[in-house]
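Spelled out from the first residue to the last, the chains are:
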Amino acid sequence: MPLAGLTAYQALQSARTGAGDTVLVHGASGGVGHLAVQIARAFGADRVIGTAGAANHDFVRSLGAEPVAYGDGLADRVRAVAPDGVDVVLDLFGGDALDVSAELITRPARLISTADPEHVTRLGGSYLFVKPSTVDLGMLAGLVDAGRLTVHVERTFPLAQAADAQRLVEAGHVRGKVVLEV
């Protein structure tokens, strides 16, 4: 929870996410993304749209987001569910996702990336590097205690199988988090 949760929380906070917003989260089924969907809802966002592979669409829906498939044609798929565009974008990948986001967002200053500082800055958005914060951790703990935020664990490995866990993460498409038991 601490690193992924703080990343999602601080990114959405820096975009001033709140009531009335439509939020687009790239990678909504991943470690940071699945927390960002829940946090955006807790911040009062009216709608959350989450990019994910087809196999993760039901999971993304269960978090409170409208899933859309990533890849070619993403802008058209997002416009189909949000014809007026989106108010906030949380980009966790960089590259093409940022270019598509720039087409969809109503105010570029609310485009936040954790992956591509130079590119997001050129587009008028901001790069976020998570910072330790006991206040923010306390806010996350409050959301957990209230049942508004949960961490999905895809798989747990014993420490002796750390290399297997790393290979799983590197292969991509992990739903939520992978845990090592010490």
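Placed above this text is the structure.
Residues numbered from 1 in each chain as written. Predicted model: local features only at pLDDT ≥ 70, side-chain atom pairs only at ≥ 80, totals over all residues. Heavy atoms only, no water.

(A) Examining the pattern of salt bridges more closely. For the structure shown, the criterion picks out six salt bridges. Its salt-bridge partner being Arg61, residue Asp58 comes within 2.7 Å of it at the nearest N-O pair. On the criterion of helical spacing, the pair formed by Asp58 and Arg61 is a turn pair, its members being three residues apart in helix H3 (residues 57-63). On the accessibility criterion, Asp58 (59% relative accessible area) is exposed. The class for Arg61 is partly exposed, based on a relative accessible area of 45%. With its nearest N and O atoms 2.5 Å apart, the salt bridge here joins Arg167 to Asp164. Separated by three residues within a single helix, Arg167 and Asp164 lie in helix H8 (residues 162-170), roughly one turn from each other. (Salt bridge = Lys/Arg side-chain N within 4 Å of Asp/Glu carboxyl O. Helix = DSSP H or I, 4+ residues; strand = E, 2+ residues; numbered from the N terminus. Buried < 20%, exposed > 50% of the residue type's maximum accessible area, 1.4 Å probe, protein only.)

(B) Region of interest: the sheet that holds strand E5 (residues 111-113). Pairing in this open sheet of six strands is parallel, and the strands run E3-E2-E1-E4-E5-E6 from one edge to the other. This sheet does not close on itself; its edge strands, each paired only once, are strand E3 (66-68) and strand E6 (126-127). Helix H4 (residues 74-81) contacts strand E1 (22-25), strand E2 (47-51) and E3 of the sheet and is inclined by roughly 155° relative to E3. (Pairing = 2+ DSSP bridges. Contact = heavy atoms within 4.5 Å. Axes fitted to C-alpha atoms, helices over the stretch in contact; angles between N-to-C directions.)

(C) Quick look at the pairing of strand E8 (residues 177-181). By the bridge criterion, five bridges tie strand E7 (residues 153-158) to E8 in an arrangement that is parallel. Each residue of the ladder has a partner; that of Phe157, found in E8, is Leu180.

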